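Structural description and commentary
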Amino acid sequence: MSDLLWQKPGVAVDAQIQAFLAGDDVILDREFFLHDIRASGAHARGLERIGILSADELAALERELRQLAEDFQSGEFVLDDRYEDGHSAIEARLVERLGDAGKKIHTGRSRNDQVLVATRLWLKEKLARVVELSRQTVRIALDRAQAEADVPLPGYTHLQRAVVSSLGMWWAAWAEAFIDNARRAADTLALVDCNPLGTAAGYGVNLPLDREHPTAELGFSRIQLSPVYAQLSRGKFELAALEALGSSTLDLRRLAWDLSLFTSAEFGFVTLPAQYTTGSSIMPNKRNPDVIELMRAVHASVAAARTEVELLLSLPSGYHRDLQASKGAIFHGFGRGLAALELLPALLGNLDWNTDRMQAAIDAGMYATDVAVEQAAAGVPFRDAYRAAAESVDTAGAGRTPQASLAVRVSPGAAADLRLDILRARLQELGD
Ligand code: ARG
């Protein structure tokens, strides 16, 4: 690492200590680098508005920031351990190219608000993607709920055959779940949609910074006003975002479990398109549902990221270098979580049902609840009806079909009254 921007004469820099401080920061900052450059441009324009930079200096900085972004994307510029972190790398490059104009860009800001604004922009992007992927998932689940509404599927509790259910009910469950997940991600996006740039190290600066302009330019809906709170929100917002993501990956884990069971020979309800399975290296007879297993695994990474950030935040107010470690957590959590969610809509769109197997798995006992409730509706006290039905479980199916059971499941939300229109309306509220 050459030329640390804060280096003082006479103080030797120990390479091992510096390497420890930087950690994998330069690697992680590659993820946030373009956001940092974008926010640096906004900061420079803000400085020009209050007379710290001349129009010419601003133009030069804008040109070099653009060039740096291009060089970074083309691989011409590599963010590596020549630098302490991405934030100082930007400044170093501007100083190298522009001299004094480059040295001015850090006026009125700190790496503390610089990294905050870059990661904030990044979080907003990721949350928007969670919203979009959740919406796509909902659309497919709703379409299939409608198209396959009356197809019988065994309903399980405790993994035991319980009552007759339907594909309509199975799909509607995931539709409603992912509507909530989209809602939660959108609400969290609104929560974190505030601009920390201009709070400096966490205590403001003795300059009349124009904070409104960069806030609007960067697409934030409000200023994050208190400089002290801006630092308090680092980690807290990351945690909220991971929580929101976790709603989706948690549902995904349970969905993947259903598919794992349903694709097993014992159930045989679902066939996955071949590209979602892999072969065994030793057992020639097998196709393995690896995709859904790895989808199931990602919630562990999201939960780990959440826990890591939460434990990091055991800090007094103000900036602490500890906070640097939150970048790895969000990178890992969102990297793994979103990669799985990206595959979900197409997986749901392409899976096939083996309706014969599903129908065959519905046994007589699964009508026993229908029998008891029917009697109760005719005036028999429910506990008596329940006891009578329990005694004749084996014959509960006599004369009954799954289709007929579903046709009278009229409680709101159940098979005969799915009310998908309500779910569609909620999807539309999410901007669909
Ligand atoms: N790389 C650091 C981070 O991500 C930047 C801030 C460093 N600030 C400092 N005062 N040492 O948190």
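The coordinates are above.
These lines cover the structure that appears in this document, whether it is placed above or below.

Cut-offs used in this document
Residues numbered from 1 in each chain as written. Predicted model: local features only at pLDDT ≥ 70, side-chain atom pairs only at ≥ 80, totals over all residues. Heavy atoms only, no water. Near = heavy atom within 4 Å. Polar contact = N/O pair within 3.5 Å; in protein donor to acceptor, adjacent residues only side chain to side chain. Areas by Shrake-Rupley, 256 points an atom, 1.4 Å probe, with all protein chains shown as cover. Helix = DSSP H or I, 4+ residues; strand = E, 2+ residues; numbered from the N terminus. Nonpolar A, V, L, I, M, F, W, Y, C, P; charged D, E, K, R; others polar. Phe/Tyr/Trp six-rings, centres within 6.5 Å; stacked < 30°, edge-to-face > 60°. Buried < 20%, exposed > 50% of the residue type's maximum accessible area, 1.4 Å probe, protein only. Lys NZ or Arg CZ within 6 Å of the ring centre and 35° of its normal. Core = buried A, V, L, I, M, F, W, Y, C linked by side-chain atoms within 4.5 Å. Contact = heavy atoms within 4.5 Å. Expected span 1.5 Å × (residues − 1). Bend = angle between axes of the 7 residues up to and from the residue. Salt bridge = Lys/Arg side-chain N within 4 Å of Asp/Glu carboxyl O.

With that settled, the discussion passes to the site of the ligand. Around the ligand, the neighbouring residues are Asp25, Asp85, His87, Arg111, Asn112, Val115, Arg234, Tyr319, Arg321, Gln324 and Lys327. With respect to the ligand, the side chain of Asn112 contributes an N or O atom lying 3.1 Å from a nitrogen atom. At a separation of 2.7 Å, an oxygen atom of the ligand approaches a polar side-chain atom of Lys327. Expressed as a share of its isolated accessible area of 340 Å², the protein-covered part of the ligand is 85%. In terms of residue count, helix H6 (residues 111–147) provides more of the shell around the ligand than any other element does, three residues in total. Here the residues of the shell around the ligand are counted per class, giving two nonpolar, three polar and six charged.

Before going further, it helps to spend a moment on the packing of aromatic side chains. Taken as a whole and assessed by the stated rule, the structure comprises 17 aromatic pairs. Their ring planes at 75° and their centres at 6.4 Å tell us that Tyr229 and Phe237 sit as a pair that is edge-to-face. For Phe237, a relative accessible area of 1% corresponds to the buried category. Through a chain of ring-to-ring contacts, the aromatic side chains of Tyr156, Trp170, Trp171, Trp174, Phe262, Phe267, Phe269 and Trp353 assemble into a single cluster. The ring of Trp257 carries the charged tip of Arg296 above its face, separated from the ring centre by 4.2 Å. Sitting over the ring of Tyr386, Arg383 keeps its end group 4.7 Å from the ring centre.

Turning to the nonpolar core, a few remarks are in order. Ranked by size, the top nonpolar core spans 67 residues in total, and within it Trp170, Trp171, Phe334, Leu344 and Trp353 carry the most contacts. For this core, the secondary structure elements donating two or more residues are H6, helix H7 (167–192), helix H9 (227–263), helix H10 (290–312), helix H11 (326–350) and helix H16 (420–429). At 12 residues, the largest contribution of residues to this core is made by H7. Leave out the neighbours within four places in its chain, and Trp171 touches Ala141, Arg144, Ala145, Glu148, Leu348, Leu351 and Trp353.

A rise of 1.5 Å per residue sets the reference length of H11, with its 25 residues, at 36 Å; its end C-alpha atoms lie 37 Å apart and thus fit the reference within 8%. At Leu344, H11 shows its maximal kink, close to 30°; a proline, Pro345, follows between one and four residues later.

The tally for this structure, following the rule as stated, stands at 30 salt bridges. Where Lys104 meets Glu57, a salt bridge forms, and the shortest distance between an N and an O atom there is 2.8 Å. Of this pair, Lys104 sits in helix H5 (residues 100–104) while Glu57 sits in helix H3 (residues 55–74), placing them 47 residues apart in sequence. We classify Lys104 as partly exposed; its relative accessible area is 31%. Since its relative accessible area comes to 17%, Glu57 is described here as buried. Here Asp143 and Arg424 are joined by a salt bridge, their closest N and O atoms 3.1 Å apart. Here Asp143 is found in helix H6, whereas its partner Arg424 is found in helix H16, with 281 residues between them in sequence. The exposure class assigned to Asp143 is partly exposed, which follows from its relative accessible area of 43%. The network of salt bridges with shared partners includes Arg63, Glu64, Glu96 and Arg97.

Here the focus is unusual backbone geometry. Positioned with a positive phi, His158 is a non-glycine residue whose angle comes to about 55°. The topology assignment puts His158 in the loop between strand S1 (152–157) and strand S2 (160–166). Even without a glycine there, the phi angle at Ala200 is positive, about 55°. Within the fold, Ala200 resides in the loop between strand S3 (194–195) and helix H8 (212–217).

Moving on to the side chain of Gln224. With respect to the helices and strands, the residue Gln224 is situated in the loop between strand S4 (222–223) and H9. Classification of Gln224 as buried rests on a relative accessible area of 2%. At a separation of 3.0 Å, a polar atom in the side chain of Gln224 contacts the side chain of Arg120. If near-sequence neighbours (up to four positions away) are discounted, Gln224 is found in contact with Arg120, Cys194, Asn195, Pro196, Thr199, Arg211, Tyr229, Ala230, Ser233 and Phe237.

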